[in-house]
Amino acid sequence: MIRDLIHDIVAKSLVSLRESGKLPMIDLPAFDVERPQIAEHGDYATNAAMKLAAAVRATGEKANPRALGETLAAHLRETVDLVPAYDLIESVEVAGPGFINFRLKPAWLLRQARQVVDDAAHFGAINIGRGQKVNLEFVSANPTGPVTIGNGRGAFIGDTLGNVMRAAGFEVTKEYYFNDSGAQIEKLGRSMEYYLRLALGESDTVKPDEGYFGPYYENVAQRMLDAGAHTSVSTETPKPRSRRKKSPEAPTEAPDARAMLTLPEGERAARIGKAAAAVIMSDIRQTMARLHIEFDIYFNEADLTTSGAREEGIEALRAAGFTKEEDGALWAKTTAFGDDKDRVLLRSTGGPTYFASDVAYMRNKYGRGFERLILVLGPDHHGYIGRLKAISGMLGHSVDDVEILLYQLVTIKIGDEVMKMGKRLGNAITLDELYEDVGPDVARFFYLMRSSDSQLDFDLKLARKQSEENPGLSVQYAYARAASVFRKAADAGYTAQEYEKANASALLTDPTVPANAREHALALMRQILRLEEIVERVALAREPHHLTRYGMDLSEAYHRFYETNPILKAGTDVAQPTRLARLQLMRAAQVGLARTLTLLGMSAPERMEREQIAEPAKQAE
């Protein structure tokens, strides 16, 4: 990354100055190299001089950060002039109390277009992860109904974060954890029994006081009667992830829904619920697929019981001394690792708790070789943070090896009206309905536009707009616009080999190129080169929303370049070297746009219907 190269130049200059006696013989402090908040101040800035002044003062000596900044800047200028590898820097300036600002050479910037084009498929990839194995769990909604817009936020956050972390050098496994047994599934079973009996003409059947109701569940009941419950979710122990995409699993032989209605009352709800859950889980997998949300593993909690992993997890805590017996129950000493209270593993009845399953599941993940566990959870899971981190500690790992990313609520707005929803009331908006309304790409972009720790108001009226006002279409439109230019360039006889190897300096040396056209070309190149830093920021801060903001910034810079740098515009006299250089820069921009869309999990359309988006200021290409 450019930032890291500048950091290296500054660090070496500080060492050189200290060895020459121009700086005190002290341990050199850590310092930052960042982009200035005000673009006019330069491309990058460092606080090295101010950090150095603070370190000198800590020894009891006096230090002037501005004077230290001048000394450092002078040495940096000499170094840049002498070392060919540092020819990216045009100027080094001291500002304010001691900030040092760097400006990049325009010629160097434009030369990077060719490198971006050459890197195409891997542009923006970095290696800060160094192959660390990460288990990224998200959605994990139990199969009691379709995936709602609330679950959807975790789905898009988790999927995009996984994409970016892979681009940052982490080895990421995306995982969905679900439970198709227990109290929720029995409640589902009672609801489904009601709908099954209605479908069979038993009009006197009694509707349960609590449960899951609505047209979706009526449909599931009819499907169970027509073809049985399609058990499409594997209950095998997860195997190491393959890079190859898995095909949907074929349904196994379905249980007879009518026969289940004759089961004893104590058994009936659980059996019907489990069969219905299999149908619903199949629907969930299809929903994820159509929204381009990919999972490497679907993990059924039942595996922990059938394999004996839950009992083994409890015994592991007992052997490590982290259990106690109290009030006839077996407890885990989670407070020893920062939890607010100890947690029950086995009830006084001898039955295991959900917490016991959490222990077994985390132990399973570590047993599969994962070094870091990330869980994307909804706003009602704040109380899980302490207990899950404590499990990691009790299992012999660092509590910091577990990260909990909490996202806030989602509300759907149509104009000023906020829609109220609830799955159990049967009026929740599902992700499938959102897909049908605005499509997978716009839905994903809108979900990722806000930081996960802030509430998301999904503006459905804006998302439906087929115009430039819709931010969800901005990056795709810029990509499609570039694709249109290249089709016309091909028709005019220009080949990729010509413009991809062009001399970018023509954009600076051609005297007929207006100053604003050069500035917009340089601004576009600066935006393109930001992608590596955005990948790093998203991967380390676990904040995918920075990628959508970057996409909009890149699209805006591209449109300004397009409008001020004519290529094939009728009646415009453009020198051939300049035309080829502009095509090369446009190709680099298209690479950046494509990589952004790929990381977001969105498609990169070669064409978009003219009526789909109103044309921006036209260039009559």
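This structure is a prediction, so every number in the text was calculated from the model and none was measured.

> I'm lost on the overall build of the protein in this one. Help?
Assigned secondary structure in the protein consists of 23 helices and 15 strands. A principal-axis box enclosing the C-alpha atoms of the protein has dimensions of 90 × 70 × 45 Å. Across the 621 residues that make up the protein, the buried fraction comes to 53%. Within the protein, contacts between residues at least 6 apart in sequence are counted, and of these 75% link residues at least 24 apart. In the protein, 77 side chains carry a positive charge and 86 a negative one; their mean positions are 2 Å apart.

> Is there a simple way to explain the packing of aromatic side chains in this structure?
For any two aromatic rings, the description comes down to two numbers: the centre-to-centre distance and the angle of the planes. Counted according to the given criterion, the structure contains 17 aromatic pairs. Geometrically, the ring pair formed by Y177 and F299 is tilted, given 6.0 Å between the ring centres and 45° between the ring planes. Of the two residues, Y177 is situated in strand 6 (residues 171-178) and F299 in strand 7 (residues 297-300); the sequence distance between them amounts to 122 residues. Exposure class is identical for Y177 and F299. Each is buried. By the ring-pair criterion, three or more aromatic residues cluster together here, those being F138, Y176, F178, F295 and Y298. Here the guanidinium or amino end of K207 rests over the ring plane of F213, the centre of that ring lying 4.4 Å away. Of note, R285 hangs over the ring of Y298, and the distance from its end group to the ring centre comes to 4.1 Å.

> Explain the side chain of T205 to me, please; I cannot follow it from the model alone.
Mapped onto the secondary structure, T205 falls in the loop between helix 6 (183-199) and helix 7 (215-227). Contacts of T205, omitting those with residues within four sequence positions, involve Y194, R197 and L198.

> Sorry, what's going on with the packing of helix 14 (residues 431-438) against helix 15 (residues 440-447) here?
Between two packed helices, both the angle of their axes relative to each other and the distance between the axes serve to describe the pair. Packing of helix 14 against helix 15 leaves a shortest axis separation of 7 Å and a crossing angle of 115°. Relative to helix 15, the element helix 14 lies roughly perpendicular. On helix 15, the residues that touch L431, L434, Y435 and V438 of helix 14 are P440, V442, A443 and Y447. A class-by-class count of the residues in the contact of helix 14 with helix 15 yields eight nonpolar, no polar and no charged.

> Explain the sheet that holds strand 3 (residues 89-95) to me, please; I cannot follow it from the model alone.
Here four strands make up an open sheet; going across it, the order is 1-2-4-3 and the pairing antiparallel. With one partner strand each, in any of the chains shown, strand 1 (33-34) and strand 3 form the two edges of the open sheet. In the sheet, strand 1 pairs with strand 2 (residues 44-46) via two bridges, with the strands oriented antiparallel. From the neighbouring strand, E34 faces strand 2, where its bridge partner is A45.

> I keep staring at the domain arrangement of the protein and nothing clicks. Help me out?
Accessible area lost upon the coming together of the parts is a frequently used measure of interface size. By domain assignment, the protein separates into domain 1 (2-104), domain 2 (106-137 + 465-621) and domain 3 (183-293). Taken together, the contact pairs nine residues of domain 1 with nine residues of domain 2. In total, about 860 Å² of surface goes out of reach between domain 1 and domain 2, with carbon and sulfur atoms giving 46% of it. Joining domain 1 to domain 2, the criterion identifies four salt bridges. A salt bridge links D43 to R526; its shortest N-O distance comes to 2.5 Å. Summed over the shared surface of domain 1 and domain 2, the result is five residue pairs in polar contact (both at pLDDT 80 or more).

> Whenever I open this one, unusual backbone geometry confuses me. Can you help?
Residues apart from glycine generally show negative phi values, whereas peptide bonds are mostly found in trans. You will see that H292, though not glycine, has its phi angle at about 65°, which is positive. Its place among the elements puts H292 in the loop between helix 9 (265-290) and strand 7. Take H292: its relative accessible area is 35%, and that puts it in the partly exposed class. The phi dihedral of R542 is positive, around 60°, even though this residue is not glycine. Assessed through its relative accessible area of 9%, R542 is described here as buried.

> In this structure, what is going on with the pairing of strand 6? I would like to understand it.
The side chains of a regular strand alternate, first on one face of the sheet and then on the other. The buried count for strand 6 comes to seven of eight residues, which makes it a mostly enclosed element. As paired elements, strand 5 (residues 133-137) and strand 6 share five bridges and run parallel to each other. Residue pairing in the sheet places N135 in a bridge with T173 of strand 6. Taken together, strand 5, helix 5 (residues 149-167) and strand 6 constitute a β-α-β crossover, and its handedness is right-handed. Pairing analysis gives four bridges linking strand 6 to strand 7, with the strands arranged parallel. The residue bridging Y177 from the neighbouring strand is F299, located in strand 7.

So, how was this worked out
Residue positions are given per chain, counting from 1 as you read along its sequence in written order. Reporting in this predicted model follows two pLDDT cut-offs: at least 70 for local features of residues, and 80 or more for side-chain atom pairs to be given and counted; totals over whole chains, interfaces and linings ignore these cut-offs and use all residues. In computing side-chain values, all of the structure's heavy atoms are included and hydrogens and water are not. Numbering of helices and strands runs from the N terminus, with a helix taken as a DSSP run of H or I at least four residues long and a strand as a DSSP run of E at least two residues long. Three labels apply to residues, based on accessible area from a 1.4 Å probe with only protein chains included: buried if under 20% of the type maximum, exposed if over 50%, partly exposed otherwise in between. Contact definition: two residues touch when any of their heavy atoms are within 4.5 Å. As used throughout, the charge tally considers Lys and Arg to be positive and Asp and Glu to be negative, leaving His and the chain termini uncounted. A single reference atom marks each charge: NZ on Lys, CZ on Arg, CG on Asp, CD on Glu. Stacked, tilted and edge-to-face are the three classes applied to pairs of Phe, Tyr and Trp rings, where Trp contributes its six-membered ring and a pair requires centres within 6.5 Å; stacked means planes under 30 degrees apart, edge-to-face means over 60, and tilted covers the rest. Note on geometry: a ring has a charge over it if NZ (lysine) or CZ (arginine) is within 6 Å of the ring centre and within 35 degrees of the ring normal. Helix axes are fitted only over the stretch in contact, all axes being lines through C-alpha atoms; the angle between N-to-C directions runs from 0 to 180 degrees. Comment on the angle field: the value is read as roughly parallel under 35 degrees, roughly antiparallel over 145, roughly perpendicular from 65 to 115, and oblique elsewhere. Under the convention adopted here, Pro, Cys and the residues Ala, Val, Leu, Ile, Met, Phe, Trp and Tyr are nonpolar, Asp, Glu, Lys and Arg are charged, and Gly plus all remaining residues are polar. Any two strands are treated as partners once DSSP identifies two or more bridges connecting them. Residue ranges for the domains trace back to a domain assignment, done automatically or taken from a database. By convention, the term buried area covers the 1.4 Å-probe accessible surface removed from two parts as they join, with the contributions of both added. Only one rule defines a salt bridge in this text: a Lys or Arg side-chain nitrogen within 4 Å of an Asp or Glu carboxyl oxygen. Here a polar contact is taken to be a pair of N or O atoms separated by no more than 3.5 Å, where protein atoms must pair a possible hydrogen donor with a possible acceptor and residues adjacent in sequence count only if both atoms sit in side chains. Handedness of a crossover is defined as follows: orient the strands so they point away from the viewer, and if the path from the first strand over the helix to the second runs clockwise, the crossover is right-handed.

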